Amino acid sequence: MANMVGQVLEIHKITFHEDEMPLEGLSHNRALHITVQCEDKFIARVLIDEGSSLNIYPLTTLKRLGKGLHEIRAGTMNAKAFDGSQRATIGETNLCLQMGPTWFDVEFQVLDISASYNLLLGQPWIYAARAIASTLHQAMKFE
């Protein structure tokens, strides 16, 4: 019976290998950014941040995608910025995003911030998608 359990666990094992690392190897210090599809548009510079407890949708990205403020539901959540300051969210909205062959309905908190990313996918999405991110390998894998 113990052998059978070991085999089952091994089948569902997610691994990252040396040959999957970027050319610069261990010396890079880049954050993990991916490109996703939203409806008929591609969104580059989507930051994967395992340390964020929110999925963030900057207001500038919302406008660039041709979305309106009427698509935002009221919300009273505060977000803590990287610098420790508190900011009130404008509200929340959902986007349907494609990554690989899979579509995800993602709830975002909309903030009026200046950001170096177009969207930020944090723990809520990472856990729901059962994704494993490796900034070292600059890759994501799904269960």
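Preceding this section is the structure that the text describes.
Residues numbered from 1 in each chain as written. Predicted model: local features only at pLDDT ≥ 70, side-chain atom pairs only at ≥ 80, totals over all residues. Heavy atoms only, no water.

Q: Is there a simple way to explain the state of the cysteines in this structure?
A: In protein structure, a disulfide is the covalent linkage between the sulfur atoms of two cysteines. Across all of its chains, the model carries zero disulfides by this definition. The closest cysteine sulfur to the non-disulfide-bonded Cys38 is located on Cys96, 7.6 Å from its own sulfur. (Disulfide = S-S within 2.5 Å.)

Q: What is the right way to look at unusual backbone geometry in this model?
A: Phi is mostly negative for residues that are not glycine, and the peptide bonds are mostly trans. Phi at Arg130 is positive, roughly 55°, even though this residue is not glycine. By secondary structure assignment, the location of Arg130 is in the loop between helix 3 (123-129) and strand 9 (131-134). (Helix = DSSP H or I, 4+ residues; strand = E, 2+ residues; numbered from the N terminus.)

Q: Got a minute to help me understand the environment of Tyr57 in this structure?
A: Along the chain, Tyr57 turns up in strand 3 (residues 56-58). With a relative accessible area of 1%, Tyr57 lands in the buried category. Residues Tyr57 and Gln138 lie 81 residues apart in sequence; the distance between their C-alpha atoms is 22 Å. Beyond its immediate chain neighbours, meaning those up to four positions away, Tyr57 contacts Leu62, Leu65, Lys67, Thr93, Leu95, Phe108, Gln109, Val110, Leu111 and Leu119. (Buried < 20%, exposed > 50% of the residue type's maximum accessible area, 1.4 Å probe, protein only. Contact = heavy atoms within 4.5 Å.)

Q: Help me understand the packing of aromatic side chains in this model?
A: The geometry of an aromatic ring pair is captured by the separation of the ring centres together with the interplanar angle, meaning the angle of the planes. Counted by the stated rule, this structure contains four aromatic pairs. Ring plane angle 25° and centroid distance 5.9 Å describe the contact between Phe104 and Phe142, whose orientation is recorded as stacked. On the criterion of sequence distance, the pair formed by Phe104 in strand 7 (residues 102-111) and Phe142 in strand 10 (residues 139-142) is long-range, its members being 38 residues apart. Judged by its relative accessible area of 35%, Phe142 falls in the partly exposed class. With a centroid separation of 6.1 Å and 80° between ring planes, the pair formed by Trp125 and Phe142 is classed as edge-to-face. Highlighted residues: Trp125 in helix 3 and Phe142 in strand 10, separated in sequence by 17 residues. (Phe/Tyr/Trp six-rings, centres within 6.5 Å; stacked < 30°, edge-to-face > 60°.)

Q: Looking at this structure, how should I read the environment of Ala131?
A: Here Ala131 shows up in strand 9. Look at Ala131 and you get buried, because its relative accessible area is 7%.

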